[in-house]
Amino acid sequence: MRKERFLASERLESLPPYLFVEIDKAKRQAREEGKDVIDLGIGDPDQPTPDFIVEALKKAAQDGANHHYALDAGLSNLREQIAKWYLSRFNVKLDPNSEIYPLIGSKDGLAHLSLGLINPGDSVLVPDPAYPVYRSGAIFAGAKVIPMPLLEENNFLPSLESFPKAKLSFINYPNNPTAAVADKSFYEELIRAANKNNIAIASDLAYSEIYYEDKRPLSFLEFEGAKDFAVEFHSLSKTYNMTGWRIGWVCGNRQIISLLARVKTNVDSGIFQAIQLAGVTALQDLTDFPQKMRSLYQERRDVFVSGINRIGWKLTSPKATFYVWAKVPTKEGSVEFAKRLLKEASIVCTPGVGFGKYGEGYVRFALTVPKGRLEEAIERIKRII
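All values derive from a computational prediction rather than experimental measurement.

Definitions and cut-offs
- Per chain, the residues get numbers from 1 upward, laid out in the order the sequence is written.
- Local features in a predicted model are, by the rule used here, given only for residues with pLDDT of at least 70; side-chain atom pairs are given and counted only at 80 or more, and totals for whole chains, interfaces and linings are based on all residues.
- Computation of side-chain values covers all heavy atoms of the structure but excludes hydrogens and water.
- The helix count covers DSSP runs of H or I at least four residues long, the strand count covers runs of E at least two residues long, and both are numbered beginning at the N terminus.
- As defined in this context, the radius of gyration uses C-alpha atoms, and a globule is described by 2.2 Å times the residue total to the power 0.38.
- A 1.4 Å probe rolled over the protein chains alone gives each residue an accessible area, and that area as a share of the maximum for its type sets the label: buried under 20%, exposed over 50%, partly exposed in between.
- Should any heavy atoms of two residues lie within 4.5 Å, those residues are counted as being in contact.
- Working convention for charge: Lys and Arg count positive, Asp and Glu count negative, and His plus the chain ends are omitted.
- In this description, the location of a charge corresponds to atom NZ of lysine, CZ of arginine, CG of aspartate or CD of glutamate.
- Within this analysis, patches are made of residues with over 30% relative accessible area and no salt bridge. Like charges are joined at 9 Å or less; nonpolar side chains (Val, Leu, Ile, Met, Phe, Trp, Tyr) at 5 Å or less.
- Here, Shrake-Rupley sampling with a 1.4 Å probe gives the accessible areas, and only protein chains in the shown set may cover a residue.
- Whenever a carboxyl oxygen of Asp or Glu lies within 4 Å of a side-chain nitrogen of Lys or Arg, that contact is scored as a salt bridge.
- By the convention used here, strands pair only if DSSP detects at least 2 bridges between them.
- Between the rings of Phe, Tyr and Trp (Trp by its six-membered ring), a pair exists once the centres lie within 6.5 Å; its type follows the angle of the planes, with under 30 degrees stacked, over 60 edge-to-face, and the other angles tilted.
- The angle between two axes is taken between their N-to-C directions and runs from 0 to 180 degrees, where each axis is a line fitted to C-alpha atoms and a helix contributes only its stretch in contact.

Any chance you could explain the overall build of the chain here in plain terms?
Counting its secondary structure elements, the chain contains 12 helices and 12 strands. Here the C-alpha radius of gyration of the chain, 21 Å, is about what a compact globule of 385 residues would show, namely 21 Å. By principal-axis analysis of the C-alpha atoms, the chain measures approximately 55 × 55 × 50 Å. Here the chain, with 385 residues, has 55% of them falling under the buried criterion. Sequence separation of at least 24 residues holds for 75% of the intrachain contacts in the chain that already meet a minimum separation of 6. Between the averaged position of the 50 positive side-chain charges in the chain and that of its 47 negative side-chain charges there is a distance of 3 Å.

Before we go on, may I ask you to explain the environment of Ala141 in this structure?
Among the structural elements, Ala141 can be located in the loop between helix H6 (132-140) and strand S4 (144-149). Exposure remark for Ala141: the relative accessible area of 6% places this residue in the buried category. Residues Ala141 and Arg11, 130 residues apart in the sequence, show an inter-C-alpha distance of 8.7 Å. Beyond its immediate sequence surroundings of up to four residues, Ala141 is in contact with Arg11, Ser114, Leu115, Ile118, Asn119 and Pro120.

Just to check I follow, could you spell out a nonpolar patch on the surface for this structure?
On the surface, Leu12, Leu115 and Phe140 cluster together into a nonpolar patch covering about 270 Å² of accessible area. Taking relative accessible area as the criterion, Leu115 reaches 43% and is therefore assigned partly exposed.

Hey, could you run me through the pairing of strand S5 (residues 168-172) in this one?
Regular strands have side chains that alternate between both faces of the sheet. By the criterion of burial, S5 is predominantly enclosed, with five of the five residues buried. Every second residue of S5 is oriented toward a common face, with Leu168, Phe170 and Asn172 on one face and Ser169 and Ile171 on the other, all of them buried. Sheet topology note: the strand S3 (residues 123-128)/S5 ladder contains two bridges and is parallel. Bridge pairing in S5 places Val124 opposite Leu168.

What am I meant to see in the packing of aromatic side chains here?
Given two aromatic rings, one states the distance between the centres and the angle between the planes to describe the pair. Taken as a whole and judged by the stated rule, the model has 22 aromatic pairs. Where Trp313 meets Phe365, the ring centres are 5.8 Å apart and the plane angle is 70°; that geometry is what we call edge-to-face. In this pair, Trp313 sits in the loop between helix H10 (289-310) and strand S9 (323-327) while Phe365 sits in strand S12 (residues 362-366), placing the two residues 52 residues apart along the sequence. By relative accessible area, which is 3% here, Trp313 ends up buried.

Teacher, can you tell me more about the pattern of salt bridges here?
Pairs can form between side chains of opposite charge whenever their charged atoms are close. Here the structure, examined in full by the defined rule, presents 21 salt bridges. Two residues, Lys27 and Asp39, come together in a salt bridge whose shortest N-O distance is 2.6 Å. Placement of Lys27 in helix H2 (residues 19-32) and of Asp39 in strand S1 (residues 38-39) is noted, with a sequence separation of 12 residues between them. Under the relative-accessibility criterion, Lys27 is labelled buried at 9%. Salt bridges here are not isolated pairs; linked through shared partners, they connect Asp36, Arg373, Glu376 and Arg380.

Hey, could you run me through the sheet that holds S12 in this one?
Neighbouring strands of a sheet are bound in pairs by backbone hydrogen bonds; such pairs are parallel or else antiparallel. On the basis of which strands lie adjacent, the open sheet formed by three strands has the order S9-S12-S11 and antiparallel pairing. At either end of the open sheet lies a strand with only one pairing partner, and these are S9 and strand S11 (350-351). Where S11 and S12 come together, two bridges link them in antiparallel fashion. The partner of Thr350 across the bridge, within S12, is Arg364. Along the sheet, helix H11 (residues 334-345) contacts S11 and S12; its crossing angle with S12, the most-contacted strand, is approximately 45°.

Have a look at this one:
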């Protein structure tokens, strides 16, 4: 056997295989075998970006002034529009020049944050289950990762009574993968715990505009004192179906933002300026597009949850996000059940253990296919459970 000349770094080897890459491989193989696959795996909206945003990009891309390196801090117009949007949506005042920093998607900033704050051996609190990037970014920085279990009996909120000491903690509500939401009392308790232990907080708010029954999710920055130690990550990916565009931002504590900005200036050259201008157009939107998307996802949620419940697999209806977090209805592990669902029903879902140890026993479904395909998925599931 030929010996490999180049070996992966220890930090790279310490990462689990990236969950969604593995799912995509299995999905492609099933399709190559001629199977009619219903993909409820990766949370990528199936609807296109609104035309008015696409037209803004076209116009900006035709202007040669936008064909050069972008400024690291982004266009001042973009930062000002983010500040206006945050004030309108959350009643949070942000300084566009020091409390907002545009990112190549929020994932980009979440992954790089630990490099700006963490020394090797420092502790980072990561929810479990959670979006995998929190953990991988901490590992790349050489951190000691401490999982915070998100348990159903605690409404998938971490226990703050025993909040361990650490340098940084990630939180994410509305939550991926569990679809849980956080209330006022949780955030108030989080402020007390973070102050007591002097922990920086990174709040991932990517799903704030995907909610139901008019129960609008809160921003952590709404609470007095939060900006003293917290930053919040946001994105246009889910609100305006712009996942592939890669535009987001971090806002909040200016010192933390400056440290992340120093990392970013060393690894990239900012967001393509034409995309920034399209982002300005999105943030100025006065249409009812976000509400239309919420109505669409709510209809899908109701079809899927009620249909699955009718066949005996009891699911809880999510209050936000376009995910359904479901207990495995058999004695199988989450990976085994997900594999069987793909093999026997040609349905892709995400095994919960891929989001962390405490995700075992669950699978996640993404409501990112039309209603008719969800109804077909229900019929297929009915035949195998």
